[in-house]
Amino acid sequence: MKTVIAPSILSANFEQLGKDLQACEQAGADWIHVDVMDGHFVPNITFGPLIVEACKRATSLPLDVHLMVNEPAHLLEAFAKAGADRLTVHVEACTHLDRTLQLIRSLGVKPGISLNPATPASQLREVIDQADLVLVMTVNPGFGGQSFLPYTLRKISEIRGMICDRNLETWLQVDGGVSEKTLSSVYSAGADAFVAGNALFNHPSGLAAAIKGFRDILGEK
Ligand code: DX5
Ligand code: ZN
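Description of the structure in this document. Keep in mind that this is a model prediction, so the values were computed, not measured.

A short note on the coordination of the zinc ion (ligand 2)
Here's step 1: Those protein atoms acting as donors to the zinc ion (ligand 2) are His-33 (NE2), Asp-35 (OD), His-66 (ND1) and Asp-175 (OD), and they sit at 2.0 to 2.3 Å.
Here's step 2: Around the zinc ion (ligand 2) sit 6 donor atoms, and with donor-metal-donor angles ranging over 67 to 167 degrees the site reads as octahedral.
Here's step 3: Counting residues between consecutive donors of the zinc ion (ligand 2) along the chain gives the motif H-x1-D-x30-H-x108-D. Remark: Asp-175 occurs in strand β7 (residues 171-175) and His-66 occurs in strand β3 (residues 63-68); sequence separation between them is 109 residues.

Section: the site of ligand 1
Here's step 1: Residues in contact with ligand 1 amount to 20 residues; listed here are only the nearest, Asp-35, Gly-142, Gly-145, Asp-175 and Gly-197.
Here's step 2: At a separation of 2.6 Å, an oxygen atom of ligand 1 approaches a polar side-chain atom of Asp-35.
Here's step 3: The contact in question runs from an oxygen atom of ligand 1 to an N or O atom on the backbone of Gly-145, over 2.8 Å.
Here's step 4: Within the complex, the protein chains bury 99% of what would otherwise be the 380 Å² of accessible surface of ligand 1.

Section: helix α8 (residues 207-217)
Here's step 1: The set of residues buried in α8 consists of Leu-207, Ala-210, Ile-211, Gly-213, Phe-214 and Arg-215.
Here's step 2: Residues of α8 that are buried make contact with β1 (4-7), α1 (17-26), α6 (183-189), β8 (193-196) and α7 (198-201).

The rules behind each value
- Starting afresh in each chain, residues are numbered from 1 along the sequence in its written order.
- Here chains are named by letter from A upward and ligands by number from 1 upward, in the order in which they appear as written.
- Given that the model is predicted, a residue must reach a pLDDT of at least 70 before its local features are reported, and side-chain atom pairs must reach 80 or more before they are shown or counted; all residues, however, enter totals for whole chains, interfaces and linings.
- Processing note: side-chain calculations cover all non-hydrogen atoms of the structure and skip hydrogens and water entirely.
- Coordination shells were defined by N, O and S atoms within 2.8 Å of each metal, extended to 3.2 Å for Na, K and Ca; water is absent from the atom set, which can make sites look incomplete.
- Key to geometry: four donors with every angle between 85 and 135 degrees are tetrahedral; four donors are square planar and six octahedral where opposite donors lie over 155 degrees apart and all remaining angles lie between 65 and 115; all other sites are irregular.
- Helical segments are the DSSP runs of H or I of at least four residues, strand segments are the runs of E of at least two, and each set is numbered from the N terminus.
- The nearness test applies per residue and asks whether one of its heavy atoms lies within 4 Å of the molecule or strand.
- What qualifies as a polar contact is a pair of N or O atoms within 3.5 Å, subject to a donor-acceptor requirement within protein and to the restriction that residues adjacent in sequence count only when both atoms come from side chains.
- The method behind every accessible area is Shrake-Rupley, applied with a 1.4 Å probe, and residues are considered shielded solely by the protein chains displayed.
- Only protein chains enter the accessibility calculation, which uses a 1.4 Å probe. A residue is then buried if its area is under 20% of the maximum for its type, exposed if over 50%, and partly exposed in between.
- We call two residues contacting when some pair of their heavy atoms lies within 4.5 Å.

Structural data, given as structure tokens:
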């Protein structure tokens, strides 16, 4: 199975973001995960389109932008123009999720749907076919470095079942507390795209060793 490793720049060193992005690229990361937080949907504030634009200049890796933002529709065009390759929105944050997904696609960007830990997989039932990616939060969104919530494994399996039953090619991404300790369990449950911040950027042996460690666990070279 093809897998994707996406370092979350939430844990990067912002004094040298360009350098860290280059390091991700050299270490063989697949996508760069950008966590946008609005201070309402989640209690923290991070970055907007300006930083996405700067990332675009600093790396040729696809930018996987995770919008932890209430009613994000009015911001989508700005993020698309800034260079987002993927825009993932939360079901809990979109009153008109169908319209929001259509809008993302019309901007030439791949749409993703994210679920908080407490949100059931059934919320995807009517719309999963419209998404290129489903993101299962494995911690409560808002901060890096939190502990993985094991009960989310059942939901990952359930969504993998949905994807198989409908013959979809949707990426099944996990985000939060993904590390050398938890990677094999989320992989076995059916995830194929792995976001990690703390476990990659703060690994004692460095980013390249951390990504190699992930690949070894996933059984790749
Ligand atoms: C959490 C963010 C995550 C976060 C993951 O709200 O969506 O992308 O950066 O960080 P770690 O891997 O440190 O749990
Ligand atoms: Zn994220």
